Amino acid sequence: FSAALGFVGLALMGLEFALVARFRAVAEPFGSDALVQFHRQIGLVGLSFVLVHVAISAPWDLVVRLFAEDTPSRVRWAVLATVALLALVGSSLGRERLRLSYEAWHILHAILAVTVIVAALMHVLLVGYYLNETWKQGLWILMTGAFITLLAWVRIGKPLSLWGRPWTVVRVTAERGQTTTLTLRADGHPGFSFAPGQYAWFAIGRSPFALTKHPF
């Protein structure tokens, strides 16, 4: 039962990467706001699974001797994954109280997320009891690689695809009801088709790799 909770918790942590990848096919049916909220809720659910798994299965006699020479590596990886997960959730829920800027938190969030998923995978592989066959090990390694690839796409691949598609703000017009209209011009590309009610992420005066973007 404890092992099952651990596997489910690890799978939910991987799902978190997909929820924030901003794939149109995923976001359109639900809306980005709903996905972000779901991302937060699933993070807390996954943390609960992991903490129950740790409480039931952790060899506490080895955990307290974490840096002893005879402590198995699987225990060290488990402790690293758990501590990183607690830091990830804690820094997200308490970002303002910790006085973390959005940019600093964003970088920390990505680093901790990769640490959690890789350390958890190493723990699972070293335990080996349930992943005692090559195809099972390959499946979880492939899934973990896919999760990290999603993060790389969001932070590197997608900005690269936008690098040669800049826009220029042609006019800023004040409207009634505290509303402002921005008139944009696509520079060197045809732009994109859109529908009423859509919004776009703006990084005005920044490169496409900027962490902070604003929805308009």
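Preceding block: the structure.
Residues numbered from 1 in each chain as written. Predicted model: local features only at pLDDT ≥ 70, side-chain atom pairs only at ≥ 80, totals over all residues. Heavy atoms only, no water.

K.L.:
Is there a simple way to think about the pairing of strand β1 (residues 167-175) in this case?
P.N.:
Each regular strand displays side chains that alternate between the two surfaces of the sheet. Bridging between β1 and strand β2 (residues 179-186) involves eight bridges; their strand directions are antiparallel. Residue pairing across strands places Val172 opposite Leu182, the latter belonging to β2. Between β1 and β2, which pair antiparallel one after the other, the connecting turn spans three residues, and Gly177 there sits at a positive phi close to 65°. (Pairing = 2+ DSSP bridges. Helix = DSSP H or I, 4+ residues; strand = E, 2+ residues; numbered from the N terminus.)

K.L.:
Is there a simple way to explain the packing of aromatic side chains in this structure?
P.N.:
Two numbers describe a pair of aromatic rings. These are the distance of the centres and the angle of the planes. Within this structure, the stated rule accounts for eight aromatic pairs. Ring geometry for Phe7 and Trp140: centres 5.2 Å apart, planes at 45°, overall tilted. Linking Phe7 in helix α1 (residues 2-19) with Trp140 in helix α7 (residues 134-162), this pair joins segments that are 133 residues apart in sequence. There is no split in this pair, since Phe7 and Trp140 are both buried. On the numbers, 5.7 Å between centres and 40° between planes, the contact of Tyr102 with Trp105 is tilted. One end of the pair is Tyr102 and the other is Trp105, both in helix α6 (residues 102-127) and three residues apart, which spans about a single turn. Exposure remark for Tyr102: the relative accessible area of 34% places this residue in the partly exposed category. Members of the aromatic cluster, connected to one another through ring pairs, are Phe7, Tyr129, Tyr130 and Trp140. (Phe/Tyr/Trp six-rings, centres within 6.5 Å; stacked < 30°, edge-to-face > 60°. Buried < 20%, exposed > 50% of the residue type's maximum accessible area, 1.4 Å probe, protein only.)

K.L.:
Looking at this structure, how should I read the side chain of His123?
P.N.:
Tracing the backbone through its elements, the reader meets His123 in helix α6. A polar side-chain atom of His123 sits 2.9 Å from the main-chain carbonyl oxygen of Arg74. When residues no more than four places from it in sequence are discounted, the contact partners of His123 are His53, Arg74, Trp77 and Ala78. (Polar contact = N/O pair within 3.5 Å; in protein donor to acceptor, adjacent residues only side chain to side chain. Contact = heavy atoms within 4.5 Å.)

K.L.:
Is there a simple way to think about the pattern of salt bridges in this case?
P.N.:
Counting across every chain of the model gives three salt bridges. Here Asp70 ties to Arg65 by a salt bridge, and the two come within 3.0 Å at their closest N and O atoms. A relative accessible area of 52% means that Asp70 is categorised as exposed. In this structure, Glu133 and Lys136 form a salt bridge, with 4.0 Å as the shortest nitrogen-oxygen distance. Classification of Glu133 as partly exposed rests on a relative accessible area of 38%. (Salt bridge = Lys/Arg side-chain N within 4 Å of Asp/Glu carboxyl O.)

K.L.:
Sorry, what's going on with α1 here?
P.N.:
Side chains three or four residues apart in an α-helix point the same way, a direct result of the helix having 3.6 residues per turn. Along its 18 residues, α1 runs 26 Å from first to last C-alpha, staying within 8% of the 26 Å computed at 1.5 Å per residue. Buried within α1 we find Ser2, Leu5, Gly6, Phe7, Gly9, Leu10, Leu12, Met13, Gly14, Glu16, Phe17 and Leu19. Here the buried face of α1 lies against α3 (32-57), α5 (73-93), α6 and α7. (Expected span 1.5 Å × (residues − 1).)

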